[in-house]
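# Overview (structure and organization)
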Amino acid sequence: MKQDLFQAPDYYNLDDLLTEEHKLVRDAARDWVKRDVSPIIEEYAQKAEFPTQIINCLAEIGAFGPYIPEEYGGAGLDQISYGLIMQEIERGDSGVRSTASVQSSLVMYPIFKYGTEEQRKKYLPKLASGEWMGCFGLTEPNHGSNPGGMETKFKDMGDHYLLNGAKMWISNAPFAQIAVVWAKNEEGRIHGLIVERGMKGFSTPETHNKWSLRASATGELIFDNVKVPKENLLPNKSGLGAPLGCLDSARFGIAWGAIGAAMDCYDTALRYCKERKQFGKPIGQFQLQQKKLAEMITEITKAQLLAWRLGVLRNEGKATSAQISMAKRNNVNMAINIAREARQMLGGMGISGEYSIMRHMMNLESVITYEGTHDIHLLITGFDVTGLNAFK
């Protein structure tokens, strides 16, 4: 098991902008990643297996629904705390962060925001504790960037709903106890349904042969005449805006999480270039290597400031979907570029599992695509600044 020597960069003293609670929450997540994730994650990524033994620890550090009120089992924290937790977890691995952010933003969030009081009391405490895990069914085989075209449908059968369709690329699907599924009713209106494992006709085949997010469990959701109780409909919001509201929360977490992956790549490259010698001196003494490191820390610092300001806006209820899109796109793009540069700095060692960089790079190829591709987020920003819709 490798030792985690990570030292977090804070070039602009951003810690001064954080409260003591923020720092305590972040440091608890950071210490846990160093102790329980870093020593095992390369092995699990090589095996393409999710380390299920960490689920209870994720719950203990408040990674499941940190902003959900305490009465429902959450930690009652603010949005910056949520972001910092995601940053530290993704510093360990993007797949582990995916597990946590799906549980928080795509399962607990819609139940809390759109569900009934009975649904909140039934599901949220079990999800917050990690006793139950959840997944989010939106993406379909034929509908990724165009979720409004979904083909999954449900019919009102009088005393229940009958659900048919399929979802794919679903994080947590293979082991989730519940799925928040988005489907169209007979009038074509999109609604959320809570589907529980064990319902007849509901299956979750696992997706194999991934070169990215290998330490994350991914699968499909198959619905073959699944009878869903009427009390499992989320009644308080419908239409495409309902799942997109969940994605706002998840994308916010990704904007923070990507910083963690970038920081890990930067820190690894910085340490390596001080130790690795060529032509009689450390490679960090060469101008080209210093250029790369200077650009990395500059981009990380810009992303940190962007995420922090977005967190303030989220806390104040002022952040727009377009602002969240900008941060998700920018920060993930920043992280993947840093991973690529860091890999080059390590030369051949950059592809070795002895270092985290290649794993981060492969993971970020998924992160730059899921929950809104890089190009889709560019168009969202373009639409926001011009008022001209490029999607039609």
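So, how was this worked out
Residues numbered from 1 in each chain as written. Predicted model: local features only at pLDDT ≥ 70, side-chain atom pairs only at ≥ 80, totals over all residues. Heavy atoms only, no water. Patch = residues over 30% accessible without salt bridge, like charges linked within 9 Å, V, L, I, M, F, W, Y side chains within 5 Å. Areas by Shrake-Rupley, 256 points an atom, 1.4 Å probe, with all protein chains shown as cover. Salt bridge = Lys/Arg side-chain N within 4 Å of Asp/Glu carboxyl O. Helix = DSSP H or I, 4+ residues; strand = E, 2+ residues; numbered from the N terminus. Buried < 20%, exposed > 50% of the residue type's maximum accessible area, 1.4 Å probe, protein only. Disulfide = S-S within 2.5 Å. Domains from an automatic or database assignment. Contact = heavy atoms within 4.5 Å. Buried area = accessible area lost by both parts, 1.4 Å probe. Polar contact = N/O pair within 3.5 Å; in protein donor to acceptor, adjacent residues only side chain to side chain.

On the surface, Tyr11, Tyr12, Leu17 and Leu305 cluster together into a nonpolar patch covering about 440 Å² of accessible area. Looking at the secondary structure, you find Tyr11 in the segment before helix H1 (20–47). The exposure class of Tyr11 is exposed, given its relative accessible area of 60%.

Within this structure, the stated rule accounts for zero disulfides. Cys265 forms no disulfide, and the closest cysteine sulfur to it belongs to Cys273, at a distance of 14 Å. Judged by relative accessible area, Cys265 falls into the buried class, the value being 0%.

Before going further, it helps to spend a moment on the pattern of salt bridges. A full pass over the atoms with the stated rule returns 22 salt bridges. In this structure, Asp264 and Arg91 form a salt bridge, with 3.0 Å as the shortest nitrogen-oxygen distance. Here Arg91 lies in helix H3 (residues 79–92) and Asp264 lies in helix H6 (residues 241–275), a separation of 173 residues in the sequence. Of the residues examined, Asp264 reaches a relative accessible area of 7% and is grouped as buried. Given a relative accessible area of 3%, Arg91 falls into the buried group. Linked by salt bridges that have partners in common, Asp4, Arg91 and Asp264 make up one network.

We now examine the domain arrangement of the protein chain. Under the domain assignment, the protein chain is made up of domain 1 (14–129), domain 2 (134–238) and domain 3 (241–386). For domain 1 and domain 2, the distance between their C-alpha centroids amounts to 23 Å. Taken together, the contact pairs 29 residues of domain 1 with 23 residues of domain 2. Taken together, the two surfaces of domain 1 and domain 2 that pack against each other cover about 2,000 Å², and 64% of this comes from carbon and sulfur. Ranking the residues of domain 1 by area buried against domain 2 places Tyr114, Gln119 and Tyr123 at the top, with a combined share of 29%. If you look at where domain 1 meets domain 2, you find one salt bridge. Here Glu196 ties to Lys122 by a salt bridge, and the two come within 3.2 Å at their closest N and O atoms. Linking domain 1 to domain 2 there are eleven residue pairs in polar contact (both at pLDDT 80 or more). Secondary-structure elements contributing two or more residues to the side of domain 1 that touches domain 2 are H1, helix H4 (94–114) and helix H5 (117–129). Broken down by element, the side of domain 1 that touches domain 2 gets its largest block of residues, twelve residues, from H4.

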